[in-house]
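Remarks on the overall topology
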Amino acid sequence: MKIHKYERKYKRDKFDCGKAPLNNYIQKNATKDIKNGACTCFIIKNDEDEVIGYYTLSTESIPIEDSPIEFQKKIKYQYVPVILLGRLALDKNHFGKGLGKFLLVNSLKRSLDVATNQIGAVAVIVDPIDEEARQYYQKYGFTLLPDSGRMFMSMKTIENAFREN
Ligand SMILES: CC(C)(COP(=O)(O)OP(=O)(O)OC[C@H]1O[C@@H](n2cnc3c(N)ncnc32)[C@H](O)[C@@H]1OP(=O)(O)O)[C@@H](O)C(=O)NCCC(=O)NCCS
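Presented here is a report on the structure given in the accompanying data block. (Residues numbered from 1 in each chain as written. Predicted model: local features only at pLDDT ≥ 70, side-chain atom pairs only at ≥ 80, totals over all residues.)

**Some words on the sheet that holds strand 4 (residues 79-90)**
Taken in spatial order, the seven strands of this open sheet run 1-2-3-4-5-7-6, and their pairing is mixed. Looking along the sheet, the strands with just one partner apiece sit at the ends: strand 1 (4-5) and strand 6 (143-144). Here strand 3 (residues 51-63) runs beside strand 4; their pairing, made up of eleven bridges, is antiparallel. Residue pairing across strands places Tyr54 opposite Ala89, the latter belonging to strand 4. Along the sheet, helix 5 (residues 155-164) makes contact with strand 5 (123-126) and strand 7 (151-154), crossing strand 7 at roughly 60 degrees. (Pairing = 2+ DSSP bridges. Helix = DSSP H or I, 4+ residues; strand = E, 2+ residues; numbered from the N terminus. Contact = placed C-beta atoms within 7 Å. Axes fitted to C-alpha atoms, helices over the stretch in contact; angles between N-to-C directions.)

**Some details on unusual backbone geometry**
In this structure, Asp49 takes a positive phi of about 65 degrees despite not being glycine. Owing to 12 C-beta atoms within 10 Å, Asp49 belongs among the exposed residues under this scheme. (Buried ≥ 20, exposed ≤ 12 C-beta atoms within 10 Å, placed from the backbone.)

**Comments concerning the nonpolar core**
Counting residues in each nonpolar core, the largest one holds 39 residues, and the members touching the most others are Tyr54, Val82, Ala121, Ala123, Val124 and Ile125. Of all the secondary structure elements, the ones that give two or more residues to this core are helix 1 (20-35), strand 2 (40-45), strand 3, strand 4, helix 3 (99-117), strand 5, strand 7 and helix 5. Counting residues per element, this core draws most heavily on strand 4, at eight residues. If sequence neighbours within four positions are ignored, Tyr54 has contacts with Tyr6, Ile26, Cys41, Phe42, Ile43 and Ala89. (Core = buried A, V, L, I, M, F, W, Y, C linked by C-beta atoms within 7 Å.)

**A word on the site of the ligand**
Neighbouring residues of the ligand: 22 residues in total, closest Phe95, Gly100, Lys101, Ala133 and Gln135. Taken together, the residues of the shell around the ligand break down into eleven nonpolar, five polar and six charged. (Near = placed C-beta within 6 Å. Nonpolar A, V, L, I, M, F, W, Y, C, P; charged D, E, K, R; others polar.)

**As for helix 1**
Given a rise of 1.5 Å per residue, 16 residues ought to cover 22 Å, and the 22 Å separating the end C-alpha atoms of helix 1 matches this to within 8%. The largest bend along helix 1 measures about 65 degrees and falls at Asn29. The set of residues buried in helix 1 consists of Tyr25, Ile26 and Ala30. Close packing links the buried residues of helix 1 with strand 2, strand 3 and strand 4. Gly37 sits one or two positions beyond helix 1 and adopts a positive phi of about 80 degrees. (Expected span 1.5 Å × (residues − 1). Bend = angle between axes of the 7 residues up to and from the residue.)

**A word on the pairing of strand 4**
Of all twelve residues in strand 4, nine are buried, a share of seventy percent or more. The pairing of strand 4 with strand 5 spans three bridges and is classified as parallel. Bridging from a neighbouring strand, Leu84 pairs with Ile125 of strand 5. For the handedness criterion, the β-α-β arrangement of strand 4, helix 3 and strand 5 is classed as right-handed. (Right-handed = clockwise from strand over helix to strand, strands pointing away.)

Shown next as structure tokens:
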């Protein structure tokens, strides 16, 4: 399975991950957001060029007081630069084959590469769409941030995970 940069030509009308906002996003909003520079989007597809999974990335900043205490001690800025994994979804027909993990790992690797070599960022954060998604991210080591409902994984943690594997 190969990761491709999103292009409008890929078919999305039948994409169904079981969650309407994530279906609507790839079907109706992704092209506009990418064109406007609001995010990048990476996909996996089948031989018929139908999207079977995708994720989006963008830059984000969070107030220092919303970040974990270890960062509050180290970073003396009002806002902390992070990368937002805004959306991650897989077509229902492909659940349980490790493809969600494949997309997640690729998004973390890409984020680490950018943060190390191109644009500084201290963590990847996610906005879990519901409790199920929260549990999914928790399983991979994301921790809940106070108040916002967002979840956080530091670049150091990501770097260490890739070093070990
Ligand atoms: C979340 C999603 C991408 C996972 O895809 P998937 O390919 O079915 O998951 P994987 O096969 O990669 O699962 C990897 C592991 O996570 C586990 N897992 C899957 N969904 C889980 C959940 N909701 N909570 C906890 N663990 C979960 C699997 O059991 C598997 O465990 P294992 O490695 O010990 O066998 C997919 O279910 C999906 O698109 N859901 C709808 C959209 C969504 O909720 N996105 C979340 C971000 S907003």
